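Report on the structure
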Number of protein chains: 2
Amino acid sequence: MELSERKLKILQAVIADFISTAEPVGSRTLSKNHDMGLSPATIRNEMSDLEDMGYLTHPHASAGRVPSDKAYRLYVDKLMNTGDLPEEMKRRITEELESGEAPDAVAKKAAEILSDTTNLISFAITPSGRESKLQYVNVLPVADQTVVIMVVTDDGKVNNTAVRLTCDYTNENLELMSKVMTHNLKGKTVNDILTMNIVQTLETDLRSLSALPQSVIPSFMQTLKKMLDSNLYMDGYSKVFNLPEYSDVDRAREILSLVEKKEHLTNVLVNRDEGLVITIGDENSDDMKDMALITADYKVNGRLVGKLGVLGPKRMKYGEISSVIKYLTDNINRSFEITEDKPEGDPEEKETDE
Amino acid sequence: MELSERKLKILQAVIADFISTAEPVGSRTLSKNHDMGLSPATIRNEMSDLEDMGYLTHPHASAGRVPSDKAYRLYVDKLMNTGDLPEEMKRRITEELESGEAPDAVAKKAAEILSDTTNLISFAITPSGRESKLQYVNVLPVADQTVVIMVVTDDGKVNNTAVRLTCDYTNENLELMSKVMTHNLKGKTVNDILTMNIVQTLETDLRSLSALPQSVIPSFMQTLKKMLDSNLYMDGYSKVFNLPEYSDVDRAREILSLVEKKEHLTNVLVNRDEGLVITIGDENSDDMKDMALITADYKVNGRLVGKLGVLGPKRMKYGEISSVIKYLTDNINRSFEITEDKPEGDPEEKETDE
DNA sequence: ATTAGCACTCAAAGCGTGAGAGTGCTAACA
DNA sequence: TGTTAGCACTCTCACGCTTTGAGTGCTAAT
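Quantities reported herein were computed from a predicted structural model and do not represent experimental measurements. (Residues numbered from 1 in each chain as written. Chains lettered and ligands numbered in written order. Predicted model: local features only at pLDDT ≥ 70, side-chain atom pairs only at ≥ 80, totals over all residues. Heavy atoms only, no water.)

**What to know about the interface of chain A and chain B**
Contact with chain A, which involves 37 residues of that partner, is made by 38 residues of chain B. A buried area of about 3400 Å², summed over both sides, lies between chain A and chain B, and 60% of it is on carbon and sulfur atoms. When the buried area of chain A at its contact with chain B is split by residue, F241, V249 and E260 of chain A rank highest and sum to 16% of it. One can count zero salt bridges joining chain A with chain B. Taken together, the connections running from chain A to chain B amount to 10 residue pairs in polar contact (both at pLDDT 80 or more). Listing elements by their share of the side of chain A that touches chain B, those giving two or more residues are β4 (134–143), β5 (146–153), β6 (158–164) and α11 (249–260) of chain A. Per element, the largest residue contribution to the side of chain A that touches chain B is seven residues, and it comes from β4 of chain A. (Contact = heavy atoms within 4.5 Å. Buried area = accessible area lost by both parts, 1.4 Å probe. Salt bridge = Lys/Arg side-chain N within 4 Å of Asp/Glu carboxyl O. Polar contact = N/O pair within 3.5 Å; in protein donor to acceptor, adjacent residues only side chain to side chain. Helix = DSSP H or I, 4+ residues; strand = E, 2+ residues; numbered from the N terminus.)

**Structural notes on the nonpolar core**
One finds Y318 of chain A together with Y318 of chain B to be the most contacted residues of the largest nonpolar core, which totals 156 residues. Those residues in contact with Y318 of chain B that sit more than four places away from it in its chain are I19, Y72, Y75, V76, M80, I278, I280, A292 and I294 of chain B. (Core = buried A, V, L, I, M, F, W, Y, C linked by side-chain atoms within 4.5 Å. Buried < 20%, exposed > 50% of the residue type's maximum accessible area, 1.4 Å probe, protein only.)

**Side note on the pairing of β5 of chain A**
Residue and element names in this part refer to chain A. By the criterion of burial, β5 is predominantly enclosed, with eight of the eight residues buried. Along β5, one buried face is formed by T146, V148, M150 and V152 and the opposite face, lined by V147, I149, V151 and T153, is buried too. Sheet topology places β4 next to β5; eight bridges connect them, and they run antiparallel. Following the sheet pairing, P141 is matched in β5 by V147. Taking the residues between adjacent antiparallel strands as the criterion, β4 and β5 are bridged by two residues, where Q145 takes a positive phi near 65 degrees. Following β5, the chain reverses through four residues before pairing antiparallel with β6; G156 in that reversal takes a positive phi of roughly 85 degrees. (Pairing = 2+ DSSP bridges.)

**Regarding the sheet that holds strand β4 (residues 134–143) of chain B**
Think of a sheet as strands paired side by side through backbone hydrogen bonds, with each pair either parallel or antiparallel. Residue and element names in this part refer to chain B. On the basis of which strands lie adjacent, the open sheet formed by three strands has the order β4-β5-β6 and antiparallel pairing. Edge positions in the sheet fall to β4 and β6 (158–164), since each has one partner strand and no second. Along the sheet, successive strands turn relative to each other by an average axial angle of 20 degrees, direction set aside. Note that strand β5 (residues 146–153) and β6 share seven bridges and pair antiparallel. (Axes fitted to C-alpha atoms, helices over the stretch in contact; angles between N-to-C directions.)

**Points about the domain arrangement of chain A**
All names here are of chain A. Along its sequence, chain A is organised into domain 1 (5–79), domain 2 (87–127 + 230–335) and domain 3 (134–221). Each of domain 1 and domain 2 has a C-alpha centre, and the two are 28 Å apart. Taken together, the contact between domain 1 and domain 2 spans 10 residues of the former and 13 residues of the latter. Approximately 910 Å² of surface area, both sides summed, lies buried where domain 1 meets domain 2, with 63% of it carried by carbon and sulfur atoms. Remark: the boundary between domain 1 and domain 2 carries two salt bridges. Counting across the interface, domain 1 meets domain 2 through five residue pairs in polar contact (both at pLDDT 80 or more). (Domains from an automatic or database assignment.)

**Some points on unusual backbone geometry**
Residues and elements named next belong to chain A. The backbone of A22 shows a phi angle near 70 degrees, a positive value even though the residue is not glycine. Summarising the element assignment, A22 is placed in the loop between α1 (5–21) and α2 (27–33). What makes A22 buried here is its relative accessible area of 18%.

**A word on the protein's contact with DNA strand C**
Not every one of the 21 residues close to DNA strand C is listed here, only the nearest: S27 and R65 of chain A together with R6, T42 and S62 of chain B. Measuring from a phosphate oxygen of DNA strand C, one finds a side-chain N or O atom of S27 of chain A at 2.7 Å. With respect to DNA strand C, the side chain of R44 of chain A contributes an N or O atom lying 3.1 Å from a base oxygen. Of all the secondary-structure elements, those providing two or more residues to the surface near DNA strand C are α2 and α3 (40–52) of chain A together with α3 (40–52) of chain B. In terms of residues, the surface near DNA strand C owes the most to one element, α3 of chain B, which gives four residues. Class assignment of the residues belonging to the surface near DNA strand C gives a composition of six nonpolar, 11 polar and four charged. (Near = heavy atom within 4 Å. Nonpolar A, V, L, I, M, F, W, Y, C, P; charged D, E, K, R; others polar.)

**Things to note about the protein's contact with DNA strand D**
Close to DNA strand D lie 21 residues; R6, S39, T42 and S62 of chain A together with S27 of chain B are nearest. The sugar and phosphate moieties of DNA strand D supply 73% of its atoms located within 4 Å of the protein. In the environment of DNA strand D, a phosphate oxygen lies 2.6 Å from a nitrogen or oxygen atom belonging to the side chain of R6 of chain A. The backbone of S39 of chain A places a nitrogen or oxygen atom 3.1 Å from a phosphate oxygen of DNA strand D. Across the surface near DNA strand D, the residue classes tally to six nonpolar, 11 polar and four charged.

**Some details on helix α6 (residues 103–118) of chain A**
Here α6 of chain A spans 22 Å end to end across 16 residues, near enough to the 22 Å set by a 1.5 Å rise per residue. Once α6 of chain A ends, the next one or two residues include N119 of chain A, with phi positive near 60 degrees. (Expected span 1.5 Å × (residues − 1).)

**Here we look at the pattern of salt bridges**
Residues and elements named next belong to chain A. The final tally for this structure, using the stated rule, is 38 salt bridges over all chains. When the shortest N-O distance is used, the salt bridge between E46 and K7 registers 2.9 Å. Of this pair, E46 sits in helix α3 while K7 sits in helix α1, placing them 39 residues apart in sequence. By the burial criterion, E46 is buried, and K7 matches it. Salt bridges sharing partners connect three or more residues here, namely R6, K7, E46 and D49.

**Observations regarding the relation of the copies chain A and chain B**
Superposition record for chain A on chain B: RMSD 0.2 Å, screw rotation 180 degrees, translation along axis 0.1 Å. Here the copies are linked by what is in effect a two-fold axis. Distance from the rotation axis, computed per C-alpha, reaches its smallest value in chain A at V249 of chain A: 2.9 Å. (Least-squares fit on C-alpha atoms with pLDDT ≥ 70 in both.)

Quick look at the structure:
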């Protein structure tokens, strides 16, 4: 059977209604609310067809219709309109985001905005530093036998670790060490540094420092490892209680415990495709089969890095939310783009206009 | 009326039973479970007295008794036993905590442990840097027109901000600036620096740098301000669903939205008394009237700083939880104590080589 | 002073009924 | 032939009634 123009229209109406009310939608309501010049009976016939085709389901015999995963997929691919955001909202987002913050702060803020505007649980992961290029290593004195190792990368990430030393140091030693390490490692990616035999590489240059390198280098590696991890920020936990699908405690528990497994969620996000990705119901992993997940990525310094998104019931305002996420990531990208046009070896040249 | 020995014993039994079952406890159950050689009728009379005295309440005429806030208070002050923790648990806590981490990481970990061991919502705030003494300022080059300002304090806090400059710089300029700022500000508390007129103080020394100070100093102040804030880490959101008192969605929503108001919660914690503090029901602010809050503080470098605690129903295992929190803060204190001038005290020295 | 006994209370669970929303089918209609 | 009105049927949900059981308070006996 073909999806006639009329069937499409009805399907769209059912989906729209269900998204906004969370109630199964019946033929009568449909014919009233959407004045499509058809009687309930006709609509009923069409809906019956749509059910046969797998687009609608029946919770039980005397209830209205509910869209299937297949219907949502069609809706997202063809039917929904990703309209422009209201100026007011755009303004607010830009405003809240504006400030040359560090990636972590931006991610946190973005999750906040996203949850506020969508009324769903939101999250954002910060870039993994895997491909970040080391810019600067600094070993700084803090107290007797204690120093801080600071690593800065070209995309603005700064990580540090405090180390208790097993030996004494002088400020000159630390400075020398910082210089040598920076000189040897600058421009290399974090990942590369972690996989190369750094001790050997530095050994000759640092011979004069006796025990110092042995004390510091493990912690330096530690700091780099920290840079590999993505940080996950979340917001809007308690928003779920506003949704009728979670008025049942067990359902609420389900989604909230899911979201509390941070490593798991991080994994899901990291392994996601690039771009704006929407996965609905069955398309998700087992623990999210009755939810929908919308994510997008953002770039720092032209490098693909962080992700953000929302999680909620399949009945979500896909169009609107996609627009918000799109607008948000665009804004973040733009705000991180500006470190360009330096002479140092970055081949791609991006020009921001408009 | 006086609280006879027997009344106390009965009261304690009621509280103990209610804490473990969440069901109003009746005279019959009590006489069975606690074989105190008294018939239900006698217990009934005593309970009636206890009710008159304000220690017990009746949800309704034909239900058992429930402890009042006053009863919990008595229990916490006199009746409960703060036994020692099982070795197994101690071992686990020490193990998980052991590693010279930064205050932020420690707080996060502590919240995690606390929620795991108590099965309640837990949180930990990191020190406010208000009284931290500045140790080191460093302005470091990151890219053209971009530098990172790093501030290190004596208690191991490290904060940094990336700044886009409005003027050019040379490495020498930055170094000079770092030196001058460190020299002028070292040993002063963050709070003091924020309230003094720093620009004026530095102006003469930095005259040679033209526009650089104007670019950097506001961001430096920004970084210091960040140090004032306590970071709040939480864990165990979804634990509430295991408690019968939150099987009602509205109750669950109540506690979870409360906990999501991070600034509010931070405030509550910051304004709390020192030491192990337990507040029950009415003793709390309006939005926690039917919960109990247990907190304690921990010190970094001898300075009173962070707090951690749990939030849950008034029916909580006060004794056990207090022990855990006590043990946890003791451990944290010990692990942060070492920056002192006594070289002794660290049992194990880790040596990594390869 | 304690306890057995009994009447009483109240929440919670179970049951039956009726209303309402919706369907599917059939027959009539343009 | 596609559309529609009509009608019987189905199923959930809300309501009220009854029963059950846990627990109390009081009284009288020990």
